[in-house]
Amino acid sequence: MQLKPKYLSLLILVLLVAAAPLFFPSGFYYRVGALIFINGIAVTGMVILIGYAGQISLGHAGFAGIGAYSCALAPVYLNIPPVAAIAFGAALSAALAWVVGRPILKLHGYYLGVATLGLGILISMVLLNEAQWTGGPDGIAVPDLGLRGLLRDMGLRVGAGELWYWVAALVMILGAWLALNLFDSPTGRALRALHGSEVAARTIGIDVPRHKLHAFVVSAVYASVSGSLLAQMNRLITPDVAGFMHSVQMVTMAVLGGVSSVLGAIFGATILTALPQLLTVFHQYEHMVLGLVMILVMIFLPDGLLPSILKRLKGRNEE
Amino acid sequence: MSALLDISDLGIAFGGIKAVDGVSFAVRPGEIVSVIGPNGAGKTTLFNMISGLYRPSQGQVRLDGRDITAMEPHLLARLGLSRTFQNLQLFGDMTLLENVMVGHHLRERAHVLPDLFALSSSRRSTRASADNALALLRRVRLDKGAYREARAMSYGALKRLEIARALALEPRILLLDEPAAGCNAVETAEIDELIAEVAASGVAILLVEHDMKLVMKISAHIVVLDHGRKIAEGAPAEVARDPQVIAAYLGQHGQDQVLHAER
């Protein structure tokens with residue numbers, strides 16, 4: 001029996017996630033892994049927005065910022081439990097994406113890029129300048145999620161790195177499952193259709209603005225959850241999470257791995273997250289390398305790494 | 001039978017130039033009406049106005065008595081108006097099957113949450129669309145390539161694919177913009193047969209086409225445009241003999257061909 005591509009992708013993901021710790025030389029790598037998965041979540045959202053719907057955003061770190069600061073502030077000021085703060089941040093991001101998305105998704109290409117860039121910068125400015133709430137550039141502490149305490153009460157002692165590795169992996173796989181479901185669904189086909197030809201999509205009855213908005217909102221929720229998990233893992237968050245570089249990182253990871261494939265984009269997130277963590281030299285030149293990667297991928301592998309490799313393999317088989 | 005599509009005094013100006021000027025005609029259910037004329041006569045512009053892509057500067061379009069002038073294309077699709085494009089507008093990254101499946105969009109329930117969670121309603125929609133789409137692909141003889149990407153297919157195949165996608169909407173009126181352009185004689189004959197079949201099922205068809213043999217053979221009624229104006233209208237035989245039409249478009253050679261096609 002042949003496995004559907006959706007389940008094959010998920011199976012590969014689960015196996016890699018489960019097997020990777022066997023090769024970890026030290027506990028530090030759990031943290032790197034968790035960071036990869038957290039970026040993988042945001043990047044899966046980019047696949048829905050850029051890969052499926054063909055809309056660009058250079059401001060999605062703004063939603064990650066909302067997710068992150070919700071976890072820092074909502075428990076303190078609104079008395080929301082830290083777990084619920086993730087949902088609260090996601091709802092806030094979705095609401096903002098809904099309101100802002102309506103007017104700006106009328107724009108195309110560069111104009112949409114610039115508008116989303118502005119949105120991201122606006123959010124990061126607020127986080128930076130409202131220091132009495134957000135702690136300003138120094139950042140702010142994030143209340144403990146209480147997961148480790150809970151596990152300890154149940155008699156399980158898990159290191160923080162290890163715990164976050166599995167939590168982030170679980171959320172990422174869930175996110176991948178949702179995105180893969182969407183691909184082969186009425187909404188997913190409508191998104192891919194308006195990506196291919198907006199005119200044709202309209203004439204076959206697709207409400208183009210509505211579907212673009214849905215993709216924008218869903219991807220904002222992914223970014224927000226990613227930011228929330230980052231905040232709760234680090235227990236400290238700075239406005240960098242909402243910064244322009246983080247937005248560019250998200251897009252570059254997705255484009256490098258293959259923006260129309262969930263597995264590919266997560267692969268891209270893996271490379272660009274792991275390299276600066278593992279090679280400190282790389283860390284210093286990270287921004288330069290991001291730019292370079294973007295240029296090279298655009299010229300040589302416009303489909304992204306994974307789809308290009310697969311295509312080459314397939315081509316060889318057919319010959 | 002009364003008209004399904006009724007166009008009256010329709011016109012549009014682009015910066016002072018009237019691309020289409022005061023054109024009126026009607027299409028009845030099951031009838032094939034062709035619009036012919038030289039390049040730049042305004043045929044595609046006319047289509048774009050009827051299908052809601054351009055906003056006319058004068059006149060009215062009525063569908064079943066209802067004013068649909070300048071209505072959003074996706075709402076027109078809901079009312080049963082479907083079209084193809086002169087320069088293919090297909091979804092290159094999607095398979096042939098998926099291209100036709102999106103044609104069923106209006107009968108699928110595309111709600112983002114059920115689709116994300118692959119609820120049974122969403123999966124049922126997808127299965128039903130796939131079944132219908134496969135049947136349509138079989139009808140245009142493209143079922144063998146159903147799982148290939150559209151961009152890998154030949155031009156003639158894509159022309160048929162676009163018709164299949166337009167038919168997936170189960171339209172009441174179908175606008176075909178040069179369906180046979182770039183197709184060889186065999187493919188043209190296939191398209192000819194397909195159009196006649198669709199019309200026979202009660203769908204009104206408005207056709208723009210340069211292949212005069214095809215036009216003369218299948219049209220019940222022909223509208224001739226030149227410089228945005230309607231210069232003649234009538235049954236194929238009448239139009240083919242109209243001196244104005246011969247001068248503007250058919251030429252002497254064309255007329256011979258047309259009269260030959262009639263016999």
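This is a predicted model, so every value here is computed, not measured.

### Things to note about the overall build of chain A
Okay, so step 1: Helix and strand counts for chain A come out as 16 helices and 2 strands.
Okay, so step 2: The C-alpha radius of gyration of chain A comes to 19 Å, within 12% of the 20 Å expected for a compact globule of 319 residues.
Okay, so step 3: Along the first, second and third principal axes, the C-alpha set of chain A runs to 55 × 45 × 40 Å.
Okay, so step 4: Burial status across chain A gives 54% buried among its 319 residues.
Okay, so step 5: Within chain A, counting contacts between residues at least 6 apart in sequence, those at least 24 apart form 78% of the total.
Okay, so step 6: With 18 positive and 13 negative side-chain charges, chain A shows a separation of 7 Å between the mean positions of the two kinds.

### Details of the interface of chain B and chain A
Okay, so step 1: Taken together, the contacts link 33 residues of chain B with 29 residues of chain A.
Okay, so step 2: Contact between chain B and chain A buries roughly 2700 Å² in total, counting both sides, with carbon and sulfur atoms accounting for 64%.
Okay, so step 3: Between chain B and chain A we count 2 salt bridges in total.
Okay, so step 4: Close ionic contact of B:E98 with A:R192 constitutes a salt bridge, the shortest N to O distance being 2.7 Å.
Okay, so step 5: Remark: the boundary between chain B and chain A carries 9 residue pairs in polar contact (both at pLDDT 80 or more).
Okay, so step 6: Taken together, the residues that form the side of chain B that touches chain A break down as 17 nonpolar, 9 polar and 7 charged.

### Notes on the packing of aromatic side chains
Residue and element names in this part refer to chain A.
Okay, so step 1: One pass over the full model with this rule turns up 12 aromatic pairs over all chains.
Okay, so step 2: An angle of 90° between the planes, with centres 5.1 Å apart, marks the rings of F24 and Y30 as edge-to-face.
Okay, so step 3: Exposure remark for Y30: the relative accessible area of 16% places this residue in the buried category.
Okay, so step 4: Pairing F63 with F216 gives two aromatic rings, centres 6.0 Å apart and planes at 85°, and the pair type is edge-to-face. In this pair, F63 sits in helix α3 (residues 61-77) while F216 sits in helix α11 (residues 208-234), placing the two residues 153 residues apart along the sequence.

### A short note on a nonpolar patch on the surface
Okay, so step 1: The grouping of A:L3, A:Y7, A:L8, A:L11, A:I12, A:L15 and A:L16 at the surface amounts to a nonpolar patch, some 640 Å² of accessible area in total.
Okay, so step 2: If you trace the backbone, A:I12 turns up in helix α1 (residues 5-19).

### Some thoughts on the pattern of salt bridges
Okay, so step 1: Inspection of every chain in the model, using the stated rule, returns 21 salt bridges over all chains.
Okay, so step 2: A salt bridge links B:R107 to B:E170; the shortest N-O distance between them is 3.5 Å. One end of the pair, B:R107, is in the loop between α3 (96-102) and α4 (112-116); the other, B:E170, is in the loop between α6 (155-168) and β7 (173-177), with 63 residues separating them in the sequence.
Okay, so step 3: Residues joined by salt bridges that share partners form a network here, namely A:D184, A:R189 and B:E108.

### Overview of the packing of helix α9 (residues 186-196) of chain A against α11(A)
Residues and elements named next belong to chain A.
Okay, so step 1: Axis separation between α9 and α11 bottoms out at 10 Å; the angle between their running directions is 110°. Looking at the two axes, α9 sits roughly perpendicular to α11. Where α9 abuts α11, its residues T187, A190, L191 and L194 lie against V208, H211, K212 and A215.
Okay, so step 2: Taken together, the residues of the contact of α9 with α11 break down into 5 nonpolar, 2 polar and 1 charged.

### Looking at empty space enclosed by the protein
Residue and element names in this part refer to chain B.
Okay, so step 1: Summed over the entire model, instances satisfying the criterion amount to 1 cavity of 30 Å³ or more.
Okay, so step 2: By volume, the largest cavity is sized at about 30 Å³.
Okay, so step 3: Sorting the residues of the lining of the largest cavity by element identifies β7 and α7 (185-200) as the ones contributing at least two each.
Okay, so step 4: For the lining of the largest cavity, the residue count by class is 6 nonpolar, no polar and no charged.

### Concerning a positive patch on the surface
Okay, so step 1: Together, A:K4, B:R109, B:R123, B:R124 and B:R127 give the surface a local cluster of positive charge.
Okay, so step 2: Take B:R123: its relative accessible area is 45%, and that puts it in the partly exposed class.

### A short note on the domain arrangement of chain B
Residue and element names in this part refer to chain B.
Okay, so step 1: The domains assigned to chain B are domain 1 (1-80 + 171-263) and domain 2 (91-169).
Okay, so step 2: A separation of 27 Å is found between the C-alpha centroids of domain 1 and domain 2.
Okay, so step 3: Opposite the 17 residues of domain 1 that make contact, domain 2 presents 12 residues.
Okay, so step 4: Roughly 1300 Å² is buried in total at the junction of domain 1 and domain 2, and carbon and sulfur atoms are behind 67% of that figure.
Okay, so step 5: Contact with domain 2 buries area across many residues of domain 1, yet P171, E190 and L194 alone supply 35% of it, more than any other trio.
Okay, so step 6: Between domain 1 and domain 2 we count 3 salt bridges in total.
Okay, so step 7: When the shortest N-O distance is used, the salt bridge between R141 and E190 registers 2.2 Å.
Okay, so step 8: Our count for the contact surface shared by domain 1 and domain 2 stands at 4 residue pairs in polar contact (both at pLDDT 80 or more).

### Topic: the environment of B:V223
Residues and elements named next belong to chain B.
Okay, so step 1: Tracing the backbone shows V223 in strand β9 (residues 221-226).
Okay, so step 2: It is 4.5 Å that separates the C-alpha atoms of V223 and E233, two residues lying 10 residues apart in sequence.
Okay, so step 3: Residue contacts for V223: discarding those within four places in its chain leaves F25, V33, S34, V35, I36, K230, A232 and E233.

### Looking at the sheet that holds strand β4 (residues 58-63) of chain B
Residues and elements named next belong to chain B.
Okay, so step 1: If you trace the 4 strands from one edge of the open sheet to the other, you get β2-β1-β4-β5, paired in antiparallel fashion. If you trace the sheet from one side to the other, it starts and ends with β2 (17-27) and β5 (66-67), each paired once.
Okay, so step 2: Looking at chain direction, strand β1 (residues 5-14) and β4 are connected through 5 bridges and run antiparallel. Residue pairing across strands places I7 opposite V61, the latter belonging to β4.
Okay, so step 3: Lying over the sheet, helix α1 (residues 43-50) contacts β1, β2 and β4, oriented at roughly 115° with respect to β1.

Conventions adopted
Residues numbered from 1 in each chain as written. Chains lettered and ligands numbered in written order. Predicted model: local features only at pLDDT ≥ 70, side-chain atom pairs only at ≥ 80, totals over all residues. Heavy atoms only, no water. Helix = DSSP H or I, 4+ residues; strand = E, 2+ residues; numbered from the N terminus. Rg over C-alpha atoms; globule rule 2.2 N^0.38 Å. Buried < 20%, exposed > 50% of the residue type's maximum accessible area, 1.4 Å probe, protein only. Contact = heavy atoms within 4.5 Å. Lys, Arg positive; Asp, Glu negative; His and termini not counted. Charge placed at Lys NZ, Arg CZ, Asp CG, Glu CD. Buried area = accessible area lost by both parts, 1.4 Å probe. Salt bridge = Lys/Arg side-chain N within 4 Å of Asp/Glu carboxyl O. Polar contact = N/O pair within 3.5 Å; in protein donor to acceptor, adjacent residues only side chain to side chain. Nonpolar A, V, L, I, M, F, W, Y, C, P; charged D, E, K, R; others polar. Phe/Tyr/Trp six-rings, centres within 6.5 Å; stacked < 30°, edge-to-face > 60°. Patch = residues over 30% accessible without salt bridge, like charges linked within 9 Å, V, L, I, M, F, W, Y side chains within 5 Å. Areas by Shrake-Rupley, 256 points an atom, 1.4 Å probe, with all protein chains shown as cover. Axes fitted to C-alpha atoms, helices over the stretch in contact; angles between N-to-C directions. Parallel < 35°, antiparallel > 145°, perpendicular 65-115°, else oblique. 1 Å grid on protein atoms, 1.4 Å probe; cavity = no way out; pocket = protein on both sides within 12 Å on 5 of 7 lines; lining within 4 Å. Points joined across faces, edges and corners; volume = space filled by probe spheres on them. Domains from an automatic or database assignment. Pairing = 2+ DSSP bridges.

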